[in-house]
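Chain by chain, the residues:
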Amino acid sequence: MFRLTKSGVSGICKNRLFWKKPSRRESSLSDFEIQQRTEKIIKYTPPPMALYGGRHAVTLIPGGGVGPECLGYVREVFKVIGAPVDFEVVEVGPLVDNVDLSDALTSIRRNCVGIKGHIPTHSDDVSAKLKNVAFRNDLDLYVYVLCFKSYAGVRARQKDVDIVIVRQNLEGEYSMLEHGVDTWMVENLKIHTRTNSLRVARFAFDYARKNKRKRVTTVHKANIMKLVDGLFLSVNKEVAKEYPEIEHDDMIIDNCCMQLVARPQQFDVLLTPNLYGNVVTGVVCGVIGGAGLYSGRNYGEHYAVFEPAIRSGASPIAGKNIANPVAMLNASVDLLFHLGHREYAKRIERAIVKTLVEDKIHTADLGGTATSQDVVRNVIDLCLA
Amino acid sequence: ASTRTVGSRLYSSEIKKCTIIPGDGIGPEISAAVQKIFAAAKVPIEWESVDVTPVRGPDGKFGIPPAAIESVNRNKVGLKGPLMTPVGKGHRSLNLALRKEFNLYANVRPCRSLEGYKTLYDHVDVVTIRENTEGEYSGIEHEIVDGVVQSIKLITEDASRRVAEFAFQYTKENNRRKVTAVHKANIMRMSDGLFLRCCREMAEKYPDVKFEEKYLDTVCLNMVQDPTQYDVLVMPNLYGDILSDMCAGLVGGLGLTPSGNIGLNGALFESVHGTAPDIAGKDLANPTALLLSAVMMLRYLNLNKHANIIEQACFDTIKEAKYLTGDLGGTAKCSEFTNQICEKIAAAI
């Protein structure tokens, strides 16, 4: 029906000529004149080369706080470099009627890939499940991977840090199963299952093997919580035996935090349950430059969702053009790598590194004075160069 | 820093009996060092040494020997060295058992930067107050079905209220400005919500102390970037464990951090580092942590004059940096370090 020829797309649609290359006389007219005077003749600007069947549809969930503006920047960058990604925008609000959440879930199930900001939850009901947590549970996104690599030249307490945190994303303390005896005593259940621990451990070791990492450290508190963290630890040790080329050791969470503050360069891959992963992420982020720089990837069996590493909306700085857009841009780079568009991903990645390290355009959280748009503009300029 | 004393008043001419639990590994040598320093400072304390190695009770379960329990109940104040806890199996943690036994409901850990020992963080002055009896460390665990295990986190209003009151009292007595409650009430809405409610109620009773609530990951992130923004932190058990160790890491590690456990009718001060079995018996250990905990104990007993002398001697020795043990980057032996402090005390008296 449509044929790709040297002069552009030509073809017949419903027996009407669709496009025609303008003659020389017609091309001396202005664009406006061409548009208004001649119906059938359109100004000839070839569109970017769309891979036939190679455009991906990706769900985009703006969420709250700085999410919408940062995702806006991502769309701008993608448009400029012509990345073959179409975004399907699904708004999810903070109220706990889960209609918009199920729309978002349907969209992700259809597209299999998503990128999101932080979904806030405002509810007075104590037993209401957090929308972010419900999101992960329903899509069975069982593991959260965060790659922390220091950027040289960014203000930070520690340098040359290269840590990957593989964090269990579903259960543990985030099971949100609570009940109270009257108002004066509350019990909260922390659940660990063998299946989930096994999945996460396998993922971690596979990831380490694929990315040529040498050592996986399990973070736990099995001296106090003998059964629960003991299960996690024993499953990890079991899986470690199947990967003899990768060293495996374990460390208690409080010792781990202390070591991360003093000497984070000693760690390679950290494999953690849910809450400890949250704490360790916060510590590592703080030590190498802040919440605005890194992104995380949620992986499930079928789905992948990308977001900034620190899951908070940062509402106080929303809309003021001072938020650091690098986190969301890094999430978009992860997205492109996942989809297989390596060239586009590398282009944006190189632009980000150059902006931070050489051009040193830093927003307020890194101690600089640039606005978000300055950073984005620089990234775009470098991408086009 | 002083903490509220409960029980009888202490007169300075009276000799007070204190229990000392040397512990395992390097415990005995650092306890001996502390006793030597106290003797040099002529502190009116008589030490009663007990051993808490678990013994099999009449019901077959392992527990703390009754002699130890009687001793601490009688003296009401104790100093403890490091104890060993095996991972994953064996008897329950002895530290936990001691806390349960003596109803020690609050753990206070002041983390202050030491002059003379430089870390990446300067001017750290944070006190972490952690609820000590319940929370995630209740030890209630079950295997529900094969492959699914659960642990129960218990939060009660009584315990939360007690520790909140202690936190505000401590802040007021030590002229500190701000109390921050650390929680994860977005995830654990009911349990941490109850804890927060108790903190808020207490905050209303102390209007001149500033109060704020922060999420755990936010506190971790900010603490590591700028520790000066926090003053006193109060939190449930697990978060307290993680944060207090992290703050200790900011000032130089567990080898330099004192710690006190306050109970309803007594207190137990301890060093929180491990037993360091690799350097046990070789006279290489650093007694600073146990010494500073002992100084906290003196302040608790209102023996402030002696506390100040000993603390100043210890800080001066570290500041001079001539006799530092291995973990602080020096080559001195434990005994040399101790002797230096004794000399300074003798000069001060």
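Values in this document were obtained by computation on a predicted structure and should not be read as measured data.

Asks: Even after reading the chapter, I still don't get the sheet that holds strand β8 (residues 135–145) of chain B, so can you show me in this structure?
Replies: Adjacent strands of a sheet form backbone hydrogen bonds with each other and so pair up, either parallel or antiparallel. Strand order in the open sheet formed by four strands is β9(A)-β10(A)-β9(B)-β8(B), and the pairing between neighbours is antiparallel. The open sheet has two edge strands, β9 (172–181) of chain A together with β8 of chain B, and neither has a second partner. Strand after strand, the sheet turns through a mean of 30 degrees between neighbouring axes, direction not considered. Pairing of strand β10 (residues 185–193) of chain A with strand β9 (residues 148–156) of chain B, which is carried by nine bridges, proceeds in the antiparallel orientation. From the neighbouring strand, V186(A) faces β9(B), where its bridge partner is I155(B). Along the sheet face, helix α7 (residues 237–251) of chain B touches β8 and β9 of chain B and points at about 120 degrees away from the line of β8(B).

Asks: Looking at this structure, I do not really get the packing of helix α5 (residues 194–210) of chain A against helix α6 (residues 228–241) of chain A. What am I missing?
Replies: Angle between the axes and distance between the axes are the two parameters that describe a pair of packed helices. Residues and elements named next belong to chain A. Where α5 contacts α6, the axes come no closer than 9 Å and their chain directions differ by 45 degrees. Comparing their axes, α6 and α5 come out oblique. Between α5 and α6 the crossing geometry is right-handed. The residues of α6 that touch α5, namely those facing R194, S197, L198, A201, R202 and F205, are L231, F232, V235, N236, E238, V239 and A240.

Asks: Even after reading the chapter, I still don't get the confidence of the model for chain B, so can you show me in this structure?
Replies: As a note on interpretation, predicted positions should not be read in detail where pLDDT is low. Residues and elements named next belong to chain B. On average, chain B scores 85 in pLDDT, and the residues at 70 or more come to 93%. Low confidence marks residues 4–10, where pLDDT is under 50. Its contacts with residues over four positions away, or in another chain, come to 14 contacts. The complex prediction reports pTM at 0.83, with the ipTM value standing at 0.83.

Asks: Explain the sheet that holds strand β1 (residues 16–21) of chain B to me, please; I cannot follow it from the model alone.
Replies: Residue and element names in this part refer to chain B. Read from one edge to the other, the open sheet built from 10 strands follows the order β2-β1-β5-β14-β13-β6-β7-β12-β10-β11, with strand pairing classed as mixed. With partners counted over all chains shown, the strands left at the sheet margins are β2 (45–49) and β11 (210–215), one partner each. Strand-to-strand, the axes of this sheet are offset by a mean angle of 25 degrees, without reference to chain direction. Bridge count for strand β10 (residues 178–183) against strand β12 (residues 232–235) is three bridges, and the pairing is parallel. Within β12, the position partnered with V179 by the bridge is V232. The strands touched by helix α6 (residues 216–225) are β7 (125–131), β10, β11 and β12; relative to β11, the strand with the most contacts, the crossing angle is about 100 degrees. Strands in contact with α7 are β6 (104–112), β7, β10 and β12; relative to β6, the strand with the most contacts, it is inclined by about 20 degrees.

Asks: Any chance you could explain the pairing of strand β5 (residues 77–80) of chain B here in plain terms?
Replies: Regular strands place their side chains on alternate faces of the sheet. All names here are of chain B. Burial of β5 is two-sided: the residues V77 and L79 facing one way and the residues G78 and K80 facing the other way are all buried. Two strands pair when backbone bridges link them, and β1 and β5 are joined in this way by three bridges, in the parallel orientation. By the bridge assignment for β5, T19 is matched with G78. Of the strand pairs in this sheet, β5 and strand β14 (residues 266–271) are connected by four bridges, and their pairing is parallel. Among the inter-strand pairings, G78 is bridged to a residue of β14, identified as L268.

Asks: Any chance you could explain the domain arrangement of chain B here in plain terms?
Replies: A common measure of how large an interface is: the accessible area buried when the components associate. All names here are of chain B. Domain annotation of chain B identifies domain 1 (14–104 + 256–348) and domain 2 (120–251). Each of domain 1 and domain 2 has a C-alpha centre, and the two are 25 Å apart. Contacts between domain 1 and domain 2 engage 10 residues on the former and nine residues on the latter. Surface buried jointly by domain 1 and domain 2 totals about 820 Å² across both partners, of which 52% is contributed by carbon and sulfur atoms.

Criteria and thresholds
Residues numbered from 1 in each chain as written. Chains lettered and ligands numbered in written order. Predicted model: local features only at pLDDT ≥ 70, side-chain atom pairs only at ≥ 80, totals over all residues. Heavy atoms only, no water. Pairing = 2+ DSSP bridges. Helix = DSSP H or I, 4+ residues; strand = E, 2+ residues; numbered from the N terminus. Axes fitted to C-alpha atoms, helices over the stretch in contact; angles between N-to-C directions. Contact = heavy atoms within 4.5 Å. Parallel < 35°, antiparallel > 145°, perpendicular 65-115°, else oblique. Left-handed = near helix turned anticlockwise from the far one by under 90°. pLDDT = per-residue confidence, 0-100. Buried < 20%, exposed > 50% of the residue type's maximum accessible area, 1.4 Å probe, protein only. Domains from an automatic or database assignment. Buried area = accessible area lost by both parts, 1.4 Å probe.

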